[in-house]
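Listed below, chain by chain, are the residues.
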Amino acid sequence: MLKVMASEADPTRSTITTATEAAAPAQQAQDIALSLLDQIHNFALGLLRPWNAYQVIIIIGLLLAAHVLRALFGPRIHAWMRTREGWPKWRMRFLVMGHRRLRLIFFVMLSWPTYWIMQASTWPSRSYIIGIVASLALAWLLITIITRLIVNGFVRGLVRYVGWTWASLIILGLTNEVQLLLESLAVHVGDSRISAWLVVQAAFTLSALFFVARLLSRASSSQIRQNKEISPSMQVLAVKFLQVTFFGAAFFIGLRAVGFDLTGLAFLSGAIGVGLGFGLQKVVSNLVSGIIILLDKSIKPGDVISLGETFGWIETLGARYASVVTRDGKEYLIPNEDLITGQVVNWSYSNEFVRLDIYFGTAYGDDPHLVRKIAIEAASGVERVLKMKAPVCHVVGFGDSSVDYILRFWIKDPSAGLTNIRGNVFLALWDAFAKHGISIPFPQRELRMLEAVTDVKTDRLPPAPNDPQADTKGAG
């Protein structure tokens, strides 16, 4: 209370104290930066000493030797890689990565023996620069190999450059100064203090945890997809649930590990809730619709569906849309909400048996009993037409030019196409009818020309009835 009263009594003192506290981090950062510059300056001056200069010359010679070895062995290794066609893809990727970094690999292989020999034959101060460069090269090579396991390009690049930087600072012995410098660069958000060091820690920790979450998600997804007792829709739902669980846990664990106060996310969650209520209605609707589809198993990967003019099979079920691939290779991304609210024809919902109907007609002079028998035999001989569900043929009407029939048959692979099987059955009917002399009529019209009756006396056509002009002329 005394401090508060003193502050209220002397506002100038309070202002000076606040300004001093605000200037302290800036002064600290300036001091640390000057210290780093001083160390760099001393290191540069040290290179002018004779025992350091010849170490630099040796390093340059090792680089040239690595370049020559790369030129000699690079083409041979590349030719050998071309003969490894049966190797797994991951092994070939590591070979390609190693081939691209042959110069660095040869430099590491040359620098470390040189450093060990000089350590054994001369003073440690005469070889410490070579040891630093060899350590940096080895660290860069190992980080490059390890980060190749990360699939995401952005995360891989971020981890690689952060790892290179941090490994270089460790080898050079500058970690404490850089850590203090990053810690001094901070902003205050409410009661929280966010420094550059905290951001770097969070980025590195989250990247590592996301990498672990991705590995766990892949492993669990592979196990779930190999389990034949789980339906495809439940497999997709389980995989999505595990992905959300693993990555969500990695996010919150990473933030807690670096000391970030998660209570500050309460306001963010409220803002997200408002955004979901107004701007993300369709997204939430599609997400909920996707969960409903996975739970009720009305549509699952591999099903053949028709939605409007779109006919194809379900390739994947996503959180927002379903991927439908048509017979012509087009891939439609249909929102999950449309699959819930629209009328969808699932050709393989309860089973894969589908009945198809085709219509045709024959001339009145052909025997209907024989036509039905020939049509059934022709359809039964077509591939993909089921024999266990024998085709049937019925007379459906007597048309203007033909006797009309309907031929019904069953298939069990609608994903292989419907138009092609109909076309094959029509061709089979054509060949069978031509073989047995059954004709397929087409509409015929007969046009008769009537001769006009002329008036012999006037050599004109008689007037039409109720013609007013004719009445007038007759009256005259």
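Further up the page is the structure itself.
Please explain the overall build of the protein chain as it appears in this structure.
A tally of regular secondary structure across the protein chain gives 16 helices and ten strands. Among the 476 residues that make up the protein chain, the fraction classed as buried is 28%. With an accessible surface of roughly 31500 Å², the protein chain has 64% of that area assigned to carbon and sulfur atoms.

Can you help me understand the nonpolar core in this one?
Nonpolar side chains in soluble globular proteins tend to be buried together. Residues Phe 360, Leu 407, Phe 409, Val 425 and Leu 429 are the most contacted members of the largest nonpolar core, which totals 25 residues. For this core, the secondary-structure elements that each account for two or more residues are strand E8 (354-362), helix H14 (368-380), strand E10 (403-411) and helix H15 (419-436). If you tally residues by element for this core, the top one is H15, at six residues. The next biggest cluster of nonpolar side chains, apart from the first, holds 15 residues, and it includes Leu 102, Phe 107, Ile 130 and Ala 134.

Help me out: how do you make sense of the packing of aromatic side chains in this one?
For any two aromatic rings, the description comes down to two numbers: the centre-to-centre distance and the angle of the planes. Counted by the stated rule, this structure contains nine aromatic pairs. Measuring from centroid to centroid gives 6.1 Å for Phe 73 and Phe 106, while their planes differ by 45 degrees, and the two rings are tilted. Taken together, the residues span a long stretch of sequence, with Phe 73 in helix H3 (residues 50-82) and Phe 106 in helix H5 (residues 102-121) at a distance of 33 residues. Here Phe 73 falls in the partly exposed class, since its relative accessible area comes to 36%. Taking relative accessible area as the criterion, Phe 106 reaches 13% and is therefore assigned buried. For the pair Phe 360 and Phe 433, a centre-to-centre distance of 5.6 Å together with 50 degrees between the ring planes defines the contact as tilted. Within this pair, whereas Phe 360 is found in strand E8, its partner Phe 433 is found in helix H15, the two being separated by 73 residues in sequence. No difference in accessibility class separates Phe 360 from Phe 433, as the two residues are buried.

Calculation rules
Residues numbered from 1 in each chain as written. Predicted model: local features only at pLDDT ≥ 70, side-chain atom pairs only at ≥ 80, totals over all residues. Heavy atoms only, no water. Helix = DSSP H or I, 4+ residues; strand = E, 2+ residues; numbered from the N terminus. Buried < 20%, exposed > 50% of the residue type's maximum accessible area, 1.4 Å probe, protein only. Areas by Shrake-Rupley, 256 points an atom, 1.4 Å probe, with all protein chains shown as cover. Core = buried A, V, L, I, M, F, W, Y, C linked by side-chain atoms within 4.5 Å. Phe/Tyr/Trp six-rings, centres within 6.5 Å; stacked < 30°, edge-to-face > 60°.

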